[in-house]
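A look at the structure
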Amino acid sequence: MSIPADASMPLEAAVTELSLAIGQLLRRLRAESNPDGLTWSQTVALARLEEIGPTTTADLARAESVKPQSMGATLAEMEREGLVERRPHPTDGRQVLFALTAAGVEAKRKRSAAKQKWLLSAMAALDPDEQRTLIAAAALVRRLSEAGTDGPDG
C-alpha cells in the first residue's frame, strides 16, 4: 500500500501506513548499521552510555525500561567484548559504574557512520522533490514522536 498523492486516505489507514513504513525503515537502518553484529540490547546500551556517561547497571536498566538482570547480562557480554569497563562509584563503594571503552566508542562511531552512509545513499536516489518532502516530513515525525498520549499537542 502506498499513500496516494492527494493524501485523501482515511486517517486510520494513514496511521497504519505510517507505522508500517517507519517500522520498515527502522529495521533497514538497524540492518545497515550493524557492521560488528551487536545485538539490539548492546546497541541501545552503547548509545545510552555515550549519551549519559558512566552509570550503574540499575540506572541503565531503568533508563531503558528493562530488568536490571537483563541489563547486567548485556553489560557482562559487552565487557567480555571490550566495549565497556567497570569503574568504581565515586560515592558508594558498593556500586560500580559501567563506561564505554575506546573500543565501545569506536563501535558506536562505526554504527553511526554506517547508518549515515546508507541513509545518505538512499536519499540521494530520490528526486529533488522527494528529498524536500522527506526533509519536511522529518520535522512532523519528530513532533509525533514527542507527542503525549492525547495527540500531537500533548
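The structure reproduced in this document is the subject of the present report.

How each quantity is defined
- Residues numbered from 1 in each chain as written.
- Predicted model: local features only at pLDDT ≥ 70, side-chain atom pairs only at ≥ 80, totals over all residues.
- Heavy atoms only, no water.
- Helix = DSSP H or I, 4+ residues; strand = E, 2+ residues; numbered from the N terminus.
- Rg over C-alpha atoms; globule rule 2.2 N^0.38 Å.
- Buried < 20%, exposed > 50% of the residue type's maximum accessible area, 1.4 Å probe, protein only.
- Areas by Shrake-Rupley, 256 points an atom, 1.4 Å probe, with all protein chains shown as cover.
- Lys, Arg positive; Asp, Glu negative; His and termini not counted.
- Charge placed at Lys NZ, Arg CZ, Asp CG, Glu CD.
- Salt bridge = Lys/Arg side-chain N within 4 Å of Asp/Glu carboxyl O.
- Patch = residues over 30% accessible without salt bridge, like charges linked within 9 Å, V, L, I, M, F, W, Y side chains within 5 Å.
- Core = buried A, V, L, I, M, F, W, Y, C linked by side-chain atoms within 4.5 Å.
- Contact = heavy atoms within 4.5 Å.

1. Describing the overall build of the protein chain
Each helix and strand in the protein chain was counted, giving six helices and two strands. Traced from its N-terminal end to its C-terminal end, the protein chain shows the element sequence α-α-α-α-β-β-α-α. Taking 154 residues into account, the globule formula puts the C-alpha radius of gyration at 15 Å, and the protein chain, at 19 Å, lies well above it. Taken along the three principal axes of its C-alpha coordinates, the protein chain extends 60 × 35 × 20 Å. Counting only residues that meet the buried cut, the protein chain has 24% of its 154 residues in that class. With the model as given, the accessible surface of the protein chain reaches about 10500 Å², and the carbon-plus-sulfur share is 57%. Counting 19 positive and 21 negative side-chain charges, the protein chain places the averaged centre of each group 6 Å from the other.

2. Some points on the pattern of salt bridges
Inspection of every chain in the model, using the stated rule, returns 11 salt bridges. Linking Arg48 and Glu64 is a salt bridge whose minimum nitrogen-to-oxygen distance equals 2.5 Å. Here Arg48, found in helix H2 (residues 40-52), pairs with Glu64, found in helix H3 (residues 57-64); they are 16 residues apart in sequence, far enough to count as distant. Between Arg80 and Glu77 there is a salt bridge, and its shortest N-O distance comes to 2.8 Å. Of this pair, Arg80 and Glu77 both sit in helix H4 (residues 68-80), three residues apart, which is roughly one turn of the helix. Under the relative-accessibility criterion, Arg80 is labelled exposed at 63%. Residue Glu77 is classed as partly exposed on the basis of its relative accessible area of 29%. If you follow the salt bridges from partner to partner, you end up with Arg48, Glu51 and Glu64 in one network.

3. Regarding a nonpolar patch on the surface
A grouping of Leu18, Ile22, Leu26, Val141 and Leu144 is seen on the molecular surface, where their side chains present a nonpolar patch of about 370 Å² in accessible area. Where the nonpolar patch is concerned, the elements lending two or more residues are helix H1 (11-32) and helix H6 (128-146). Considering every element that reaches the nonpolar patch, the biggest residue donor is H1, with three residues. Relative to the elements of secondary structure, Leu144 occurs in helix H6. Overall, Leu144 belongs to the partly exposed group, its relative accessible area being 45%.

4. Here we look at the nonpolar core
In globular proteins that are soluble, nonpolar side chains generally tend to be buried together. In this structure, Leu46, Leu49, Leu60, Met71, Leu75, Met78 and Val84 are the most contacted members of the largest nonpolar core, which totals 14 residues. For this core, the elements supplying multiple residues, two or more each, are H2, H3, H4 and strand E2 (96-100). If sequence neighbours within four positions are ignored, Leu60 has contacts with Ala45, Arg48, Leu49, Thr55, Met71 and Leu75.

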